[in-house]
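# Per-entry structural report
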Amino acid sequence: SPRGIRATVVSWRRVHNTMLPVMAKIGGIYVNSVLALTEAKSRGYDEALLMDLNGYVVEGSGENIFVVRGRKLYTPPVHQSILEGITRDTILRLSADLGIQAEEKPITREEIYTADEVFLVGTAAEVTPVVEVDGRPIGSGEPGPITTKIAEFYSNVVRGRVEKYLNWLTPVY
């Protein structure tokens, strides 16, 4: 939803890279995501946030996560058992174009709760603002200015409206 979604940190943990090759899109890992999303939905939320074995928030059920704190963007590093998403990489590259500093680092649950903005990215999600986590509003409780700026730029890029990135697109007839 353009107005943003409500998410919850679920009890299921993200499969660790010592258990399965998490960078691969393999069926077994989808079970992890389905269990997480089922728990979130059963508690009245739109989306699940998963923590790793060390208690860091690493992903949504099918998306990478970004946090905005003090006009800077943070996202978990690839070695934290996340899926190395194409959309995640795209957002890191586009944020640089927009002059938004981005850093890969582990993210605590507390950093999510106290973030200025949180958004999820993925092929289907594109850039989805998270306006509430575990019943707590994120920032103003509305999609924030940095999330909105990135979402609009991403939308223009993937729809062929930004000359610089036309080579990223494949026409489908």
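Our subject in this report is the structure included herewith. (Residues numbered from 1 in each chain as written. Predicted model: local features only at pLDDT ≥ 70, side-chain atom pairs only at ≥ 80, totals over all residues. Heavy atoms only, no water.)

What follows concerns the overall build of the chain. Within the chain, the secondary structure is distributed over four helices and 10 strands. For the chain, the α and β elements follow one another from N to C terminus as β-α-β-β-β-β-α-β-β-α-β-β-β-α. Taken over the C-alpha trace, the chain has a radius of gyration of 16 Å; the compact-globule value for 173 residues is 16 Å, and the two agree within 12%. Seen through its principal axes, the chain has C-alpha atoms that stretch 45 × 35 × 30 Å. In the chain, 64% of the contacts between residues at least 6 apart in sequence involve partners at least 24 apart. Accessible area for the chain stands at about 8800 Å²; split by element, carbon and sulfur atoms hold 54% of it. If you average the places of the 19 positive and of the 21 negative side-chain charges in the chain, the two averages end up 0 Å apart. (Helix = DSSP H or I, 4+ residues; strand = E, 2+ residues; numbered from the N terminus. Rg over C-alpha atoms; globule rule 2.2 N^0.38 Å. Contact = heavy atoms within 4.5 Å. Areas by Shrake-Rupley, 256 points an atom, 1.4 Å probe, with all protein chains shown as cover. Lys, Arg positive; Asp, Glu negative; His and termini not counted. Charge placed at Lys NZ, Arg CZ, Asp CG, Glu CD.)

Moving on, we come to the packing of helix 2 (residues 86-97) against helix 4 (residues 145-158). A pair of packed helices is captured by two measures, namely the crossing angle of their axes and the spacing between those axes. With their axes 10 Å apart at the nearest point, helix 2 and helix 4 run at an angle of 110° to one another. In terms of orientation, helix 2 lies roughly perpendicular with respect to helix 4. On the side of helix 2, the interface is formed by Thr87, Thr90, Ile91, Leu94, Ser95 and Asp97, while helix 4 contributes Ile150, Phe153, Tyr154 and Val157. Looking at side-chain class alone, the contact of helix 2 with helix 4 contains six nonpolar, three polar and one charged residues. (Axes fitted to C-alpha atoms, helices over the stretch in contact; angles between N-to-C directions. Parallel < 35°, antiparallel > 145°, perpendicular 65-115°, else oblique. Nonpolar A, V, L, I, M, F, W, Y, C, P; charged D, E, K, R; others polar.)

So, about a nonpolar patch on the surface. A cluster of nonpolar side chains, Val158, Leu166, Trp168 and Leu169, forms an exposed patch at the surface whose accessible area comes to about 280 Å². Mapping tryptophan 168 onto the fold places it in the segment after helix 4. A residue is classified by how much of its surface remains accessible, and tryptophan 168, at 30% relative accessible area, is partly exposed. (Patch = residues over 30% accessible without salt bridge, like charges linked within 9 Å, V, L, I, M, F, W, Y side chains within 5 Å. Salt bridge = Lys/Arg side-chain N within 4 Å of Asp/Glu carboxyl O. Buried < 20%, exposed > 50% of the residue type's maximum accessible area, 1.4 Å probe, protein only.)

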